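# A look at the structure
Listed below are the residues making up each chain.
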Amino acid sequence: MNTKNKGFDTKLIHAGDFHDEFGSAVTPIYQTSTFSFKSAEHGANLFAGKEQGFIYTRIGNPTINALENKLAELENGFGGIALASGMAAVSTVYAAILKTGDHMISTGAVYGPSRAVMESIFADFGVQSTYTNTAVLENIEKAIRPNTKMLYLETPANPTIELTDIKAACEIAHKHNIIVVVDNTFSSPYLQKPLNLGADIVLHSLTKFINGHADIVGGALIVKDEQLYKKVRKTMTYMGGNMDPHQAYLVIRGVKTLSIRIDRAQENAMKVAEFLENHPKIEWIKYPGLKSFPQHELAKQQMTGFGSMISFGVKGGYKAGIVLMNNVKLALLAVSLGGVESLIQHPASMTHAGVSKEARLEAGITDELVRYAVGIETVEDIIEDLEQALAKI
Ligand code: LCS
């Protein structure tokens, strides 16, 4: 079915679907590493790009392509590329765009390994980077060098929930021919569409909201124009960070309920945020839906919802945060986010432990920061769980 002019929920269910000759209702799993050619000429034509078809699963596969086409439609891009993990997407996009002597600018508070892979492995290949608070647009302007090739934004950022104005940042970058990549993991295309705001590439850890069920790890890149898409796709194919067909099948199943899962999670998050904001043991809280959130207006402008990620500090700092984490019973003490279950974790010692303490503090990832990923359980139970754990402090 052609879903190009259909609504977002229709695209979630039907976009990109691949139906076989038996009329299967869902895209089947093509668990095969290779595809036989009808003749030597057919094989040669496929390799030469003269005929469309499948050659080898690292290059393309019907199940994986169905997911890629769905994601491309959801983000309004030319094409999608599915990868083994969000980090495979991060390192593939770095490798596709940056070469020795190039410079990139990035949000200081990005997911820890997205920064660590740049500052360790890519730095060893001679790629320069500046990590700064991209919420302040002048910081981007100031960081631009003649050799800057990429602006890598994460908004909302993990775990500070700080936002970057995507449209304004893209205008600055494009004046200098800088490619803009936006990690849209925290919002998903349901809440934010960076390509519509001017970005060139959208990145996802599919592990999170898009799959939504905490049962796979996966990543994706969605590219706005054909030329850049081909370049990034070639990098993925050569480097081999492709997704597996079974993984793609599960993501296709998970993404169908994206909007209804996020609707419930963010409805819950608003109530949890209000509860925490008014709790005497909470020192500070950041949630884009709260009026007290410094970038509440920007959130309303570039997002269609506030998401379900909350960060906060407990009075008594790190030690009190540990008591809270050790006493929650409903929320799992676990990294990751965007699944149906509530999760709590401590970024400084967990997700962002690979980033130096100095860089972490400069990015606002303080030792007392606790991150809560609100799930879709009964909200009264989530709040009751937090209440009993806070009482232990
Ligand atoms: N980008 C963001 C914003 C992320 O939060 C993550 C993972 C990644 C990229 C990497 O994706 P992965 O390879 O894990 O699929 N974030 C995690 C987190 O906050 N807790 O555990 C993983």
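Quick notes on the rules
- Residues numbered from 1 in each chain as written.
- Predicted model: local features only at pLDDT ≥ 70, side-chain atom pairs only at ≥ 80, totals over all residues.
- Heavy atoms only, no water.
- 1 Å grid on protein atoms, 1.4 Å probe; cavity = no way out; pocket = protein on both sides within 12 Å on 5 of 7 lines; lining within 4 Å.
- Points joined across faces, edges and corners; volume = space filled by probe spheres on them.
- Nonpolar A, V, L, I, M, F, W, Y, C, P; charged D, E, K, R; others polar.
- Domains from an automatic or database assignment.
- Buried area = accessible area lost by both parts, 1.4 Å probe.
- Salt bridge = Lys/Arg side-chain N within 4 Å of Asp/Glu carboxyl O.
- Polar contact = N/O pair within 3.5 Å; in protein donor to acceptor, adjacent residues only side chain to side chain.
- Helix = DSSP H or I, 4+ residues; strand = E, 2+ residues; numbered from the N terminus.
- Core = buried A, V, L, I, M, F, W, Y, C linked by side-chain atoms within 4.5 Å.
- Buried < 20%, exposed > 50% of the residue type's maximum accessible area, 1.4 Å probe, protein only.
- Contact = heavy atoms within 4.5 Å.

Here the focus is empty space enclosed by the protein. Empty pockets left among the atoms are what a rolling probe the size of a water molecule brings to light. Taken as a whole, this structure holds three cavities of 30 Å³ or more when the rule is applied. If you add up the space inside the largest cavity, you get close to 50 Å³. Taken together, Phe 209, Gly 212, Arg 261, Ile 262, Ala 265, Gly 338, Gly 339, Val 340 and Ile 376 form the lining of the largest cavity. Here the lining of the largest cavity is built from residues that sort into five nonpolar, three polar and one charged. Looking at the second largest cavity, its volume works out to about 40 Å³. Lining the second largest cavity, in full, are Pro 156, Ile 161, Phe 186, Pro 288, Phe 306, Gly 307, Ser 308 and Met 309. Per-class residue counts for the lining of the second largest cavity are six nonpolar, two polar and no charged.

In terms of domains, the protein chain is made up of domain 1 (8–30 + 61–255) and domain 2 (258–390). Here the C-alpha centroids of domain 1 and domain 2 sit 24 Å apart. For the pairing of domain 1 and domain 2, the buried interface totals around 3100 Å² over both sides, and the portion due to carbon and sulfur atoms is 62%. Counting the surface domain 1 buries against domain 2, the share from its top three residues, Leu 163, Leu 191 and Phe 209, is 23%. If you look at where domain 1 meets domain 2, you find zero salt bridges. At the junction of domain 1 and domain 2, the tally comes to 17 residue pairs in polar contact (both at pLDDT 80 or more). Considering each element in turn, the side of domain 1 that touches domain 2 owes the most residues, four residues, to helix 5 (residues 112–124).

With that settled, consider the nonpolar core. The tendency in soluble globular proteins is for nonpolar side chains to be buried side by side. In this structure, Leu 67, Leu 71, Leu 151, Val 180, Leu 206 and Met 243 are the most contacted members of the largest nonpolar core, which totals 52 residues. When residues of this core are assigned to their parent elements, the largest contribution, six residues, is made by helix 3 (residues 62–75). Of the domains in this structure, domain 1 (8–30 + 61–255) and domain 2 (258–390) are the two that each give at least three residues to this core. Sequence-distant contacts of Leu 151, defined by excluding residues within four places in its chain, comprise Ile 105, Ile 140, Ala 169, Ala 173, Ile 178, Ile 179, Val 180 and Val 181. Residues Ala 88, Val 90, Met 118 and Phe 122 belong to the second largest nonpolar core, which totals 28 residues.

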